[in-house]
Amino acid sequence: MVLTASRYRTATGAGVIAALILVLVFGSPVYRDWAHDNADPNTAGGWFLNLLAWPAWSFDADSSVQDVLAADLKAILVVVFTALFLALTVGAQLGAARGTFSQLVAGWSGYIFAGALAGLLTAFIRSDASLLGGFQAAGTGAIYGLFVGWIVGVATLGHRRGTAP
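In what follows, the accompanying structure is described.

Each value, and the rule that gives it
Residues numbered from 1 in each chain as written. Predicted model: local features only at pLDDT ≥ 70, side-chain atom pairs only at ≥ 80, totals over all residues. Heavy atoms only, no water. Helix = DSSP H or I, 4+ residues; strand = E, 2+ residues; numbered from the N terminus. Buried < 20%, exposed > 50% of the residue type's maximum accessible area, 1.4 Å probe, protein only. Contact = heavy atoms within 4.5 Å. Areas by Shrake-Rupley, 256 points an atom, 1.4 Å probe, with all protein chains shown as cover. Phe/Tyr/Trp six-rings, centres within 6.5 Å; stacked < 30°, edge-to-face > 60°. Lys NZ or Arg CZ within 6 Å of the ring centre and 35° of its normal. Salt bridge = Lys/Arg side-chain N within 4 Å of Asp/Glu carboxyl O. Polar contact = N/O pair within 3.5 Å; in protein donor to acceptor, adjacent residues only side chain to side chain. Core = buried A, V, L, I, M, F, W, Y, C linked by side-chain atoms within 4.5 Å. Patch = residues over 30% accessible without salt bridge, like charges linked within 9 Å, V, L, I, M, F, W, Y side chains within 5 Å.

**Observations regarding the overall build of the protein chain**
Then step 1. Within the protein chain, the regular secondary structure consists of 6 helices and 0 strands.
Then step 2. A burial count over the protein chain gives 39% of its 165 residues as buried.
Then step 3. In the protein chain, of all internal contacts separated by at least 6 residues, the share reaching a separation of at least 24 is 74%.
Then step 4. Taken as a whole, the protein chain presents about 9000 Å² of accessible surface, with 71% of it coming from carbon and sulfur.

Here it is as structure tokens:
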């Protein structure tokens, strides 16, 4: 009996790996600085390239400890909440077939909710914390999830739901 590695991949695991790659690569200081310097935010492409850097993490010595902690925690929470929401939504799907449209929507919506909740919670750690800032951070996180989350949704397609076969 030959077992392949793909047999053990779940939709939740695939989505979390995609989220982790998105956060590690596009949230990195190198990418963030490149996008800020080279992508025009007044064009659709430039706006998207800058949006990719939203869950930015850094170890900036010029920022306050609270702001660095909030940014780093936001990046971590996007991945953690993606895992949580994917586990809740993908496992509860009505369709049993792999690769259904519901897996795409579950992955995409899980990333939207993860971005919004991570933005909301970490906004209150920042040095200039306010309720309005929390609402704005949640909105920005939801926008990030809406325009980037399809990548996580596509990553969940075709994988098993994590339940018994």
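Next comes the rest of the description.
**Description of the packing of aromatic side chains**
Then step 1. Counted according to the given criterion, the structure contains 8 aromatic pairs.
Then step 2. When the centroid spacing of 5.1 Å and the interplanar angle of 85° are considered together, the rings of tryptophan 47 and phenylalanine 147 count as edge-to-face. One end of the pair, tryptophan 47, is in helix α3 (residues 44-51); the other, phenylalanine 147, is in helix α6 (residues 131-156), and 100 residues separate them in sequence.
Then step 3. Taking the relative accessible area as the measure of exposure, phenylalanine 147 reaches 37% and is therefore partly exposed.
Then step 4. Members of the aromatic cluster, connected to one another through ring pairs, are Phe26, Tyr31 and Trp34.
Then step 5. Over the aromatic face of tryptophan 54 sits the side chain of lysine 74, whose NZ or CZ is 4.5 Å from the ring centroid.

**A closer look at the pattern of salt bridges**
Then step 1. With the rule as written, the count across this model stands at 1 salt bridge.
Then step 2. For arginine 126, the salt bridge is made with aspartate 128, and the minimal N-O distance between the two is 3.6 Å.
Then step 3. Classification of arginine 126 by relative accessible area gives partly exposed; the value is 35%.
Then step 4. The exposure class assigned to aspartate 128 is exposed, which follows from its relative accessible area of 54%.

**Observations concerning the environment of threonine 89**
Then step 1. Mapping threonine 89 onto the fold places it in helix α4 (residues 65-90).
Then step 2. Judged by relative accessible area, threonine 89 falls into the partly exposed class, the value being 29%.
Then step 3. The sequence separation of threonine 89 and glutamine 103 amounts to 14 residues, and the corresponding C-alpha distance is 8.6 Å.
Then step 4. In this structure the side chain of threonine 89 is engaged in a polar contact, spanning 2.8 Å, whose partner is the backbone oxygen of phenylalanine 85.

**Brief notes about the nonpolar core**
Then step 1. In this structure, Tyr111, Tyr144 and Val152 are the most contacted members of the largest nonpolar core, which totals 27 residues.
Then step 2. The greatest single-element share of this core, amounting to 8 residues, is contributed by α4.
Then step 3. Setting aside its immediate chain neighbours within four residues, tyrosine 144 contacts Leu22, Leu51, Leu52, Trp54, Pro55, Tyr111 and Gly149.

**Some remarks on a nonpolar patch on the surface**
Then step 1. A surface patch of nonpolar side chains, about 440 Å² in accessible area, is lined by Ile17, Leu20, Ile21, Leu24 and Val25.
Then step 2. As for its placement among the helices and strands, leucine 24 is situated in helix α1 (residues 11-26).
Then step 3. Its relative accessible area of 47% is what places leucine 24 among the partly exposed residues.

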